Amino acid sequence: MRLILLGPPGAGKGTQCKHVVDKYGMKHMSSGDILRAERAAGSDLGKSAQGYMDSGKLVPDDVIIGMMIGAMKDATGGYVLDGFPRTVAQGEALDKALSAVGEKIDAIVNLQVPDEVIDARMTGRRSCPKCGQVYHILNMKPAVEGQCDNGCGELVQRADDTSEVVANRLKIYHEQTAAVVGYYEGTGSLIINVDANQAVDDVTASVLGELDKIDQAE
Ligand code: AMP
């Protein structure tokens with residue numbers, strides 16, 4: 001399966017992607033994770049993305065498109081895209097690259113969460129800088145406060161998960177990324193809308209229930 005997981009920052013895209021990958025075995029391709037790895041490695045791409053990421057702005061389309069289309073070439077067993085496309089231009093470039101090799105996206109899962117819920121979710125998020133595991137100080141607590149369950153050490157708050165930056169990321173989501181859903185509606189793609197303002201397990205059950213239908217039809 002080739003999937004896109006859409007939704008505002010803090011909708012739980014990363015968490016749901018992990019469940020989808022565990023069940024169907026495709027590759028999880030997160031543009032944010034790839035960018036953070038580039039930054040950690042000190043690459044030119046990582047350095048050029050740094051300022052945009054820390055202020056909650058989008059990294060320019062040409063940088064992201066080249067990075068993601070390049071990374072997808074290795075994912076022959078299908079993938080779930082997380083955080084990409086985030087603009088209509090990125091969606092168009094993705095579709096162009098896929099149709100050039102006779103492929104297409106099977107479905108877009110659109111996680112829906114009201115803005116007022118997002119701030120609490122994101123500012124409480126903590127993650128492990130070593131293994132990438134994500135926690136929440138209220139509803140996905142680690143066994144020991146502030147420590148990764150996988151034994152890696154201290155958890156951190158992402159620089160772009162502070163209230164001020166979250167507000168900016170939400171603004172950008174509404175200005176640029178929400179239109180991606182409209183773009184895919186216009187191309188006649190299968191869009192699965194999921195209420196993501198429920199307990200994580202219920203969101204997962206909804207997402208996997210819908211994807212099972214596609215999996216069985218394949
Ligand atoms: P994420 O982990 O998906 O929330 O992404 C973190 C940050 O990386 C975003 O706030 C952007 O600065 C940048 N980023 C990730 N994906 C994209 C994308 N598709 N287009 C532009 N910027 C992106």
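Definitions and limits used
Residue positions are given per chain, counting from 1 as you read along its sequence in written order. Given that this is a predicted model, residues contribute local features only at a pLDDT of at least 70 and side-chain atom pairs are listed and counted only at 80 or more, while totals for whole chains, interfaces and linings are drawn from all residues. Based on all heavy atoms of the structure, the side-chain values leave hydrogens and waters out of the count. Secondary structure elements are taken from DSSP: a helix is a run of H or I of four residues or more, a strand is a run of E of two residues or more, and numbering for both begins at the N terminus. Between the two quantities, the radius of gyration covers C-alpha atoms and the globule rule is 2.2 Å times the number of residues to the power 0.38. Residue burial is assigned from relative accessible area. The probe radius is 1.4 Å, only protein chains are included, and a residue is buried under 20% of its type maximum, exposed over 50%, and partly exposed in between. We call two residues in contact whenever any of their non-hydrogen atoms come within 4.5 Å of each other. Using only the protein atoms, space was sampled on a 1 Å grid; points where a 1.4 Å probe fits but cannot get out form cavities, open sets with protein on both sides within 12 Å along at least five of seven lines form pockets, and lining residues are those with an atom within 4 Å of a point. Grid points are joined across faces, edges and corners, and a volume is the space filled by probe spheres set on the points. Ten residue types, Ala, Val, Leu, Ile, Met, Phe, Trp, Tyr, Cys and Pro, are classed as nonpolar, four, Asp, Glu, Lys and Arg, as charged, and the remainder, Gly among them, as polar. A cutoff of 4 Å decides nearness: a residue is near a molecule or strand if any of its heavy atoms lies inside that distance of it. Counting of polar contacts relies on pairs of N or O atoms within 3.5 Å, with two restrictions inside protein: one atom must be capable of donating a hydrogen and the other of accepting it, and residues adjacent in sequence are counted only when both atoms are side-chain atoms. Reported accessibility uses the Shrake-Rupley method at a 1.4 Å probe radius. Residues are deemed covered only where the shown protein chains occlude them. Take a side-chain nitrogen of Lys or Arg and a carboxyl oxygen of Asp or Glu: if they are within 4 Å of each other, that pair is a salt bridge. The nonpolar core is taken to be a set of buried Ala, Val, Leu, Ile, Met, Phe, Trp, Tyr and Cys residues, with the residues joined through side-chain atoms within 4.5 Å. Note on pairing: DSSP must find at least two bridges between two strands before they are called paired. Here the axes come from fitting lines to C-alpha atoms, over the contacting stretch only for helices, and the angles between their N-to-C directions go from 0 to 180 degrees. An angle below 35 degrees is read as roughly parallel, one above 145 as roughly antiparallel, one from 65 to 115 as roughly perpendicular, and any other as oblique. Ring pairs shown here join Phe, Tyr and Trp side chains whose ring centres sit within 6.5 Å, with only the six-membered ring taken for Trp; geometry is labelled stacked below 30 degrees between planes, edge-to-face above 60, and tilted in between.

**Digging into the overall build of the chain**
Part 1 of the reasoning: Scanning the chain from terminus to terminus reveals 8 helices and 7 strands.
Part 2 of the reasoning: In summary, the chain has a C-alpha radius of gyration of 17 Å against a globular reference of 17 Å for 218 residues, a match within 12%.
Part 3 of the reasoning: Seen through its principal axes, the chain has C-alpha atoms that stretch 45 × 40 × 30 Å.
Part 4 of the reasoning: Relative to its full complement of 218 residues, the chain shows a buried share of 41%.
Part 5 of the reasoning: Long-range contacts, defined as pairs at least 24 residues apart, comprise 70% of the intrachain contacts of the chain with a sequence gap of at least 6.

**Thoughts on the layout of surface pockets**
Part 1 of the reasoning: Of the voids in this model, the second largest pocket is the one considered here, and its volume is about 250 Å³.
Part 2 of the reasoning: In terms of lining residues, the second largest pocket is bounded by 13 residues, among which Met 72, Lys 73, Leu 98, Val 101 and Glu 103 are the most central.
Part 3 of the reasoning: If you tally residues by element for the lining of the second largest pocket, the top one is helix α5 (residues 88-100), at 3 residues.
Part 4 of the reasoning: Per-class residue counts for the lining of the second largest pocket are 8 nonpolar, 2 polar and 3 charged.

**Here we look at the site of the ligand**
Part 1 of the reasoning: Among the 16 residues in the neighbourhood of the ligand, the closest are listed as Ser 31, Arg 36, Lys 57, Gly 83 and Arg 169.
Part 2 of the reasoning: Lys 57 has a polar backbone atom sitting 2.6 Å from an oxygen atom of the ligand.
Part 3 of the reasoning: For the ligand, a nitrogen atom lies 3.0 Å from a polar atom in the backbone of Val 59.
Part 4 of the reasoning: Relative to its unbound accessible surface of 480 Å², the ligand loses 96% to contact with the protein.

**Some points on the pattern of salt bridges**
Side chains carrying opposite charge are able to pair once their charged atoms draw close together.
Part 1 of the reasoning: Applying the stated criterion across every chain, the model contains 10 salt bridges.
Part 2 of the reasoning: Of the charged contacts, one joins Asp 212 and Lys 23 as a salt bridge, the two residues approaching to 2.9 Å between their closest N and O atoms. Taken together, the residues Asp 212 in helix α8 (residues 200-217) and Lys 23 in helix α1 (residues 13-24) connect sequence positions 189 residues apart.
Part 3 of the reasoning: Overall, Lys 23 belongs to the partly exposed group, its relative accessible area being 42%.

**Focus: unusual backbone geometry**
Part 1 of the reasoning: Going from Phe 84 to Pro 85, the amide bond is cis rather than trans, its omega being 0°.
Part 2 of the reasoning: You can see Pro 85 is positioned in the loop between β3 (79-82) and α5.

**Let's talk about the nonpolar core**
Part 1 of the reasoning: Grouped together as the largest cluster of nonpolar side chains are 26 residues, with contacts concentrated most on Ile 4, Tyr 79, Leu 81, Leu 94, Ile 105 and Tyr 184.
Part 2 of the reasoning: For this core, the secondary-structure elements that each account for two or more residues are β1 (2-6), α3 (44-54), α4 (61-72), β3, α5 and α7 (163-186).
Part 3 of the reasoning: By residue number, the principal contributor to this core is α4, which donates 6 residues.
Part 4 of the reasoning: With residues near it in sequence (within four places) discarded, Tyr 79 still touches Met 1, Arg 2, Leu 3, Met 26, Lys 27, Met 29, Met 72, Leu 98, Glu 103 and Ile 105.

**With respect to the sheet that holds β3**
Part 1 of the reasoning: The strand order across the open sheet formed by 5 strands is β2-β3-β1-β4-β7, and the pairing between neighbours is parallel. Whereas interior strands pair on both sides, the edge strands pair on one side only; in this sheet they are β2 (27-30) and β7 (191-195). Strand-to-strand twist in this sheet, taken as the mean axis angle between neighbours without regard to direction, amounts to 20°.
Part 2 of the reasoning: In terms of strand pairing, β1 meets strand β4 (residues 107-112) through 4 bridges, oriented parallel. Following the sheet pairing, Leu 6 is matched in β4 by Asn 110.

**Regarding the packing of helix α2 (residues 31-41) against α4**
Part 1 of the reasoning: Close contact between α2 and α4 brings their axes to 11 Å; oriented N to C, the two are set at 100°. What the angle tells us is that α2 and α4 run roughly perpendicular. Only Ile 64, Met 67, Met 68 and Ala 71 of α4 make contact with α2, whose side of the interface consists of Ser 31, Ile 34 and Leu 35.

**Some words on the packing of aromatic side chains**
Part 1 of the reasoning: Counted under the stated rule, the structure contains 1 aromatic pair.
Part 2 of the reasoning: Between the aromatic rings of Tyr 183 and Tyr 184, the centroid separation amounts to 4.9 Å while the plane-to-plane angle is 70°, which identifies the pairing as edge-to-face. In this structure, Tyr 183 and Tyr 184 share a single accessibility class: buried.

Take it as geometry only, folks, not as evidence of what the structure does.
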